[in-house]
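What the coordinates show
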Amino acid sequence: MNRCRGIACSDIKSGLTIAFSRIKPPTNCRRCPEAARFRSRSHATAAKPATGSDTGEKPRLRAIDLAQKVQQEKSKPPRAAEEPLLSGQQKRVMELKRFSLQLQNVHPNVLAKHLHKSVLYQDKDVVVINKPYGVPVRDDSGATSISSVLPVLSKMMEGMKVKYESQLLPCLRLEKETTGAFLLARSEKVVEHILDLHRNNQVQRKYWVITVGVPVPSEGVIDIPIIEREVTGPRPHYKMALSPLFRMNDAGDGVTKVRAHRQAHAAVTKYSVLDSSSGCSLVELQAFTVGKHQMRVHMALALTCPILGDHKYSHSSKLAPQRLPERVLGKLGLEQSKIRYLPLHVHARQLTLPGTNGAEISVSCPLPKYFTQTLNRLHLSLPDEKDY
């Protein structure tokens, strides 16, 4: 009995914590109520599973643990410090980069499904689709192009039923960076018929472009042949250039007719300014001839109003991103160092041609989102829909 008081009771009174497993108090110590209470408390503690034990039960979250967790979250640096918020200009650049790559290098079936959804008109002879930006009509390198997915598109339009006589063939090409109404024929015979109509100026194609600068006069016809020439320098390259039939004479008081270059191509472009603001213009173009980069060359070199996003012809003697005035950069929400991501603003707005049944086919193509956003940023207004 004395031994019981000497060990268990004295330890409790002195405040020492002794593991119950190491010092086993006598089981029949009835005269020591303090030891009995210590014994019952220890058994109750031992009955509870330890935190992180193998019982499979989720450990209970103690208040002190919750307080520590909250304190740790407060002490962490804000998320904005790890991932800084993008500025308006950075968001604009990311948006343009995503747009320019959205349908390039995609699986052919993905492009075919997109074209199927973008059909604007179809009959037994022709189909008109809304061509997306950045996708070439043809590509000899084997990359995904519109021509490469036309067999799949034809099957989709026929309900996936294989018909050997069903096919789609491209007519009247569009450049890779041009969006809008693109004509497809259902047979070789129809292709030849459309080409004959085009040579006789019976196919009307109107384009909407946004230019840097305001053309003067506000409407007119540009009739200047174009020719492909090599540009020498640090980065030699080829681009189209003007090959006029008249040049200023030596006295500077008139023009002299010169001999036409045998490699020059006739190029005739009609233009009309629809609206102008912020040093830019919305211009309607109509090409009466088919020349490589014809409209881009005429706007940049003949009218000195290059098309927005035309990085090739904004400089006549070098390859460099288009240079924009500070005012235009501010309106577009871009920096000059990021201007290379700005897409070419050329849209095939309207296509009109006679149908085989005598009725006229006229298709208007909606503007792409990036084109509309630029119009809004530059405060350029669209003409009345009733006129188109």
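Up top you'll find the structure we're talking about.
What comes next concerns the included structure. Here the residue index of a chain counts from 1 through its sequence in written order. Whole-chain, interface and lining totals are the exception, using all residues; otherwise, since this is a predicted model, local features are given only for residues with pLDDT of at least 70 and side-chain atom pairs are given and counted only at 80 or more. Note that the side-chain values use all heavy atoms of the structure and ignore hydrogens as well as water.

**A closer look at the overall build of the chain**
Strands are runs of DSSP state E lasting at least 2 residues, helices are runs of H or I lasting at least 4, and numbering of each runs from the N terminus. A tally of regular secondary structure across the chain gives 11 helices and 14 strands. For the chain, the proportion of its 388 residues judged to be buried stands at 40%. Exposure was quantified through the Shrake-Rupley algorithm and a 1.4 Å probe, taking into account, for residues, occlusion by the shown protein chains and nothing else. As displayed, the chain offers around 23600 Å² of accessible surface, 51% of which is attributable to carbon and sulfur atoms. Burial classes: relative accessible area under 20% of the type maximum marks a residue as buried, over 50% as exposed, and values in between as partly exposed (1.4 Å probe, protein chains only).

**A short note on the environment of methionine 157**
Within the fold, methionine 157 resides in helix 7 (residues 146–157). The spatial distance from the C-alpha of methionine 157 to the C-alpha of valine 119 is 9.6 Å, given a sequence separation of 38 residues. The criterion used for residue contact is that any of the two residues' heavy atoms lie within 4.5 Å. When residues no more than four places from it in sequence are discounted, the contact partners of methionine 157 are His116, Val119, Gln122, Val127, Leu168 and Arg186.

**What to know about the nonpolar core**
Put simply, a nonpolar core is a bunch of buried Ala, Val, Leu, Ile, Met, Phe, Trp, Tyr and Cys residues held in one set by side-chain atoms that sit within 4.5 Å of each other. Counting residues in hydrophobic clusters, the biggest one holds 55 residues, and the most contacted among them are Leu184, Ile210, Leu285, Leu324, Leu332, Leu342 and Phe371. At 6 residues, helix 7 tops the list of elements feeding residues into this core. Once residues lying within four places of it in the same chain are set aside, the contact partners of leucine 184 are Asp125, Val126, Val127, Ile129, Leu150, Leu153, Leu168, Leu169 and Pro170. Val128, Leu183, Val191 and Ile194 belong to the second-largest nonpolar core, a separate cluster that totals 18 residues.

**Considering a nonpolar patch on the surface**
A surface patch of nonpolar side chains, amounting to about 400 Å² of accessible area, comprises Leu245, Phe246, Met248 and Val255. By the secondary structure assignment, leucine 245 is in the loop between strand 8 (237–242) and strand 9 (246–248). Given a relative accessible area of 30%, leucine 245 falls into the partly exposed group. Patches here are clusters of residues that have more than 30% relative accessible area and form no salt bridge, with a 9 Å joining cutoff for like charges and a 5 Å cutoff for nonpolar side chains (Val, Leu, Ile, Met, Phe, Trp, Tyr). Between Lys or Arg on one side and Asp or Glu on the other, a salt bridge is scored when a side-chain nitrogen of the former is within 4 Å of a carboxyl oxygen of the latter.

**Examining the packing of aromatic side chains**
Aromatic pairs are defined between Phe, Tyr and Trp rings, using the six-membered ring for Trp, whenever the two ring centres lie within 6.5 Å; interplanar angles under 30 degrees are classed as stacked, those over 60 as edge-to-face, and all others as tilted. Going through the model one piece at a time under the given rule, you end up with 2 aromatic pairs. Here tyrosine 133 and tyrosine 370 contribute two aromatic rings whose centre-to-centre distance is 5.8 Å and whose plane-to-plane angle is 65°, an arrangement assigned as edge-to-face. Of this pair, tyrosine 133 sits in the loop between strand 2 (126–131) and helix 7 while tyrosine 370 is found in helix 11 (residues 369–377), placing the two residues 237 residues apart along the sequence. Tyrosine 370 matches tyrosine 133 in its accessibility class, with the two residues each being buried. In textbook terms, an aromatic cluster arises when at least three aromatic residues are bridged by ring pairs, as seen for Tyr133, Tyr370 and Phe371. If you follow arginine 349 out to its NZ or CZ, it ends over the ring of tryptophan 208, 4.5 Å from the centre. Any Lys NZ or Arg CZ that is within 6 Å of a ring centre and within 35 degrees of that ring's normal is treated as a charge sitting over the ring.

**Some points on the environment of arginine 235**
Residue placement: arginine 235 occurs in the loop between strand 7 (226–231) and strand 8. A polar contact is formed between the side chain of arginine 235 and the backbone oxygen of leucine 319, at a distance of 3.4 Å. Definition of a polar contact: a pair of N or O atoms within 3.5 Å, with one able to donate and the other able to accept a hydrogen when the atoms are protein atoms, and with sequence-neighbouring residues admitted only if both atoms are side-chain atoms.

**A closer look at helix 11**
For helix 11, the set of buried residues is Tyr370, Phe371, Thr374 and Leu375. Here the buried residues of helix 11 occupy an arc of 140° about the axis, which is enough to place them on one side. Seen from the open side of helix 11, the exposed residues pointing more than 90 degrees away from its buried face are Lys369 and Asn376. Histidine 379 occupies a position one or two residues after helix 11 and carries a positive phi of about 60°. Starting at the helix axis, one direction is taken to each C-beta atom, and the arc is that of these directions.

**Let's talk about the pairing of strand 4 (residues 179–185)**
Burial runs high along strand 4: 7 of the 7 residues are buried. Bridge analysis of strand 2 against strand 4 gives 6 bridges, and the strand direction is antiparallel. Bridge pairing links isoleucine 129 to phenylalanine 182 in strand 4. In this sheet, strand 4 lies alongside strand 3 (residues 169–170) in antiparallel orientation, the contact comprising 2 bridges. Bridging from a neighbouring strand, proline 170 pairs with leucine 184 of strand 4. Pairing between strands is defined by DSSP: at least two bridges between them are needed. Pairing of strand 4 with strand 13 (residues 346–354) involves 2 bridges; the strand directions are parallel. By the bridge assignment for strand 13, glycine 180 is matched with alanine 348.

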